Structures are given as structure tokens and as C-alpha cells.
Protein chains: 2
Amino acid sequence: MAGKPEQPEKAVFLRFLKSRGLKVTRQREAVVNEIFSDSGHFEAEELVHRLRGNRTRVSRATIYRTLELLRECQLVEKLDLGQSGSFYEYVNPGEHHDHLICLQCDSVIEFHNEKLERTQAEICRNFGFQETHHSLRIFGLCSKCSQNA
Amino acid sequence: MAGKPEQPEKAVFLRFLKSRGLKVTRQREAVVNEIFSDSGHFEAEELVHRLRGNRTRVSRATIYRTLELLRECQLVEKLDLGQSGSFYEYVNPGEHHDHLICLQCDSVIEFHNEKLERTQAEICRNFGFQETHHSLRIFGLCSKCSQNA
DNA sequence: CTAATTGCAAAAAGTTTGCAAGCGT
DNA sequence: ACGCTTGCAAACTTTTTGCAATTAG
């Protein structure tokens, strides 16, 4: 419970910082801890508020800067769920999933489908396109909301 | 060359306005004409500039308001290409396509693939999800850029 | 020590809005 | 005429940035 990083993603981040000659600051640790204590989707502004109650104050500017670093080392991804601001989400290294987004209750369902991935790879091959990543968002009504409608 | 609407999408828009009790103004016509004279991807700000040289001045506010109307009648769609601002694109009624986005030269390739669509429909069915629309963006290097790399 | 980092507040960037004047129908 | 529209400028939202003070290594 002391200094040891319990979470593997935190270790990844620390290693990344070291490899870049960047520093491990209280603020950066606070941000990572907060994000990975409750993996899911969140907005930058939400993090600002979640970190308000913390022992370590973290300014909005630092949160944005840290999110950018986390993106560079692929621990989080930016997400556009159709709302005004950007959402972020934790990415399990090596994993990938797409999203079903409910327009009624704003819930987000993650899924992964191999057939889909293969077809996409095939399409890229046909276009001579070298994919680095992709994002599929399907909007509509989740099962709960479509029943209530 | 006179009053007749040459473009079918303009006719759709006019009909939509009428059905809503909205007015056909010089500004709205100018926006539609400009968009459909060169179908493709564009930003709101770009439209502002493209319309500067026009006989009819159209303010930024009106452009945003008109784009919203065009979205409501499904003639244009908002697009997130990863850049800061929103892009828009003309939508051929009844058609749908996805995008390959080159991170190097910012070019956008459109494609449509039936197998992909079927797999997506299958996924939705499995989740009891009622799709209204979707967006697949594949990021990477286009064939030209991957050769030069 | 020294370079990286932080917080702040100002600036940017993109979009929306209130309101008085103007224009379709 | 009536009510929808426009333009303007101000407001807003989200994100970025310059800079002096601070801190990790």
C-alpha cells in the first residue's frame, strides 16, 4: 500500500516518463491514479472536478497536459461521442474495442468483433492504406431505451 | 439558368423549409449553392471565407444556423476528422460511406462496403441495439504517403 | 543546481445567442 | 403586417499558451 505502483498502467506511464527524461510529479501521479481507479469514459472537465477533493491540487492546464502525455504513450484515447467536449477513455494495451452509443441515455457499450476487424483490414489492403488505428461508433437506442420508446 | 433549382439537393432543402414554415432567404440559398457546387468535406470557417467573395454576404452566425438546418434535413453530416474544428460533408440521400483518413496529407478517401455493413447490423442485433447511424474512421497513411515514408 | 513543471490568467479557437433592424410570404 | 431571419457583438465552451515561481532528479 506504500510506494509500489499497484496498477500496471501506472508503471507503464512512469517508464514512459523516464524514457523521455520527464519527471514524475505529484500532479501527474494524481491524474493517473484517478483515471485508473475507475476506468471508463470521462471528460477533461470531469477530471478537474474529481481531483478537486484530492490532497494534491491539479490545475486544469496540467490535466490537459497530462492527458496529452497519456495519449502519447497510448494509455488513453480521445473519443468523440457526439457531445460538445472530447471524451477520453482508458485503453488496455493491445486491446481495442468499438462503441455503441445510446442517443437517449448517453450510455456507451463497448464491443469487439473479429469479423469486423478482418473486413476492415481487407478494405485497407484494397486501398493500399496503412492503418494505424480506427474508430467505429454506432449511434442509436440501447435495448433499454428502445423498449421504453 | 434562371430561377429553376438545378440541383436536386437544393430542391430538397427548399421543400424542407416550406414544410417547416421557414423562409427561403438569399443567405440560405447562397450557402446551399456553395456547398453543393463542390461537394466534399469542408469546415464552417472555410464556408465563411468561400462566401466572402459572393454577391450575397452571409454572416458566420447564419452559416452555422444554416448548417444546422441542412443537418436536420439530412443533406449534410458533421464529421470528426481528428482536427480541432468540425468538418461537414454532403450526404447523398440514401447513401452512406465511411472514411480512410491520411494522417500525413489529410486526404480523405470515402468507401462503402456491404460486408462491413452487414456485420455491423449483426452486432447491433446481438445487443438489442437499434441503430440510427454510424461512423467508421480508419486513420493511417494513404498509399501515396506510405510509399514516400 | 538546472531543466522540467506547475498554476495562473490571458488568449485562442469554435460555436452559440440576444436583440434590434430587415425581409419573405 | 406578421413573424421568421439576419448581422453584430458579446457570451460561452473547450483547450492552449506565456511566464514567473516551484520542484524533481
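Everything below is about the structure printed above this text.
Conventions adopted
- Residues numbered from 1 in each chain as written.
- Chains lettered and ligands numbered in written order.
- Predicted model: local features only at pLDDT ≥ 70, side-chain atom pairs only at ≥ 80, totals over all residues.
- Heavy atoms only, no water.
- Core = buried A, V, L, I, M, F, W, Y, C linked by side-chain atoms within 4.5 Å.
- Buried < 20%, exposed > 50% of the residue type's maximum accessible area, 1.4 Å probe, protein only.
- Helix = DSSP H or I, 4+ residues; strand = E, 2+ residues; numbered from the N terminus.
- Contact = heavy atoms within 4.5 Å.
- Least-squares fit on C-alpha atoms with pLDDT ≥ 70 in both.
- Expected span 1.5 Å × (residues − 1).
- Arc of directions from axis to C-beta.
- Polar contact = N/O pair within 3.5 Å; in protein donor to acceptor, adjacent residues only side chain to side chain.
- Near = heavy atom within 4 Å.
- Nonpolar A, V, L, I, M, F, W, Y, C, P; charged D, E, K, R; others polar.

Judged by nonpolar contacts, the single largest core of 24 residues is most densely connected at Phe 111 and Ile 138 of chain A together with Phe 111 and Ile 138 of chain B. When residues of this core are traced back to their parent elements, those giving at least two are strand 4 (98-102), helix 5 (114-127) and strand 6 (130-141) of chain A together with strand 4 (98-102), helix 5 (114-127) and strand 6 (130-141) of chain B. Apart from residues lying up to four places away in sequence, Ile 138 of chain A is in contact with His 99, Leu 100, Ile 101 and Phe 111 of chain A together with Gln 120, Cys 124, Phe 129, Glu 131, His 133 and His 134 of chain B.

Another point: the relation of the copies chain B and chain A. The two copies are related by a screw operation: chain B maps onto chain A through 180° of rotation and 0.0 Å of translation along the axis, at an RMSD of 0.1 Å. What the superposition gives is, in effect, a two-fold axis relating one chain to the other. Across chain B, the rotation axis passes nearest the C-alpha of Leu 136 of chain B, at a separation of 2.1 Å. Comparing interface residues between copies, 100% of those in chain B also sit at the interface in chain A, which points to an isologous, same-surface contact.

Now for helix 5 of chain A. Helical geometry note: an α-helix holds 3.6 residues per turn, so side chains three or four residues apart project in the same direction. All names here are of chain A. Taking 1.5 Å of rise per residue, the 14 residues of helix 5 would be expected to cover 20 Å, and the 20 Å separating its terminal C-alpha atoms lies within 8% of that figure. Here helix 5 has its buried residues at Leu 116, Glu 117, Thr 119, Gln 120, Ile 123 and Cys 124. Taken down its axis, helix 5 places every buried residue within 165° of arc, on the same side. Exposed and oriented more than 90 degrees from the buried face of helix 5 are Arg 118, Arg 125 and Asn 126. One side-chain oxygen of the residue at the start of helix 5 lies 3.0 Å from the amide nitrogen of Lys 115, identifying that residue as Asn 113.

Moving on: the protein's contact with DNA strand D. Close to DNA strand D lie 21 residues, the nearest being Tyr 64 of chain A together with Leu 22, Lys 23, Arg 28 and Thr 62 of chain B. Looking at DNA strand D alone, sugar and phosphate atoms form 69% of those within 4 Å of the protein. In the model, a phosphate oxygen of DNA strand D is placed 3.3 Å from a nitrogen or oxygen of the Ser 86 of chain A main chain. Listed by contribution, the elements that provide at least two residues to the surface near DNA strand D are helix 4 (60-72) of chain A together with helix 2 (26-37) and helix 4 (60-72) of chain B. Of the residues forming the surface near DNA strand D, the biggest block, four residues, is contributed by helix 4 of chain A. Taken together, the residues of the surface near DNA strand D break down into six nonpolar, seven polar and eight charged.

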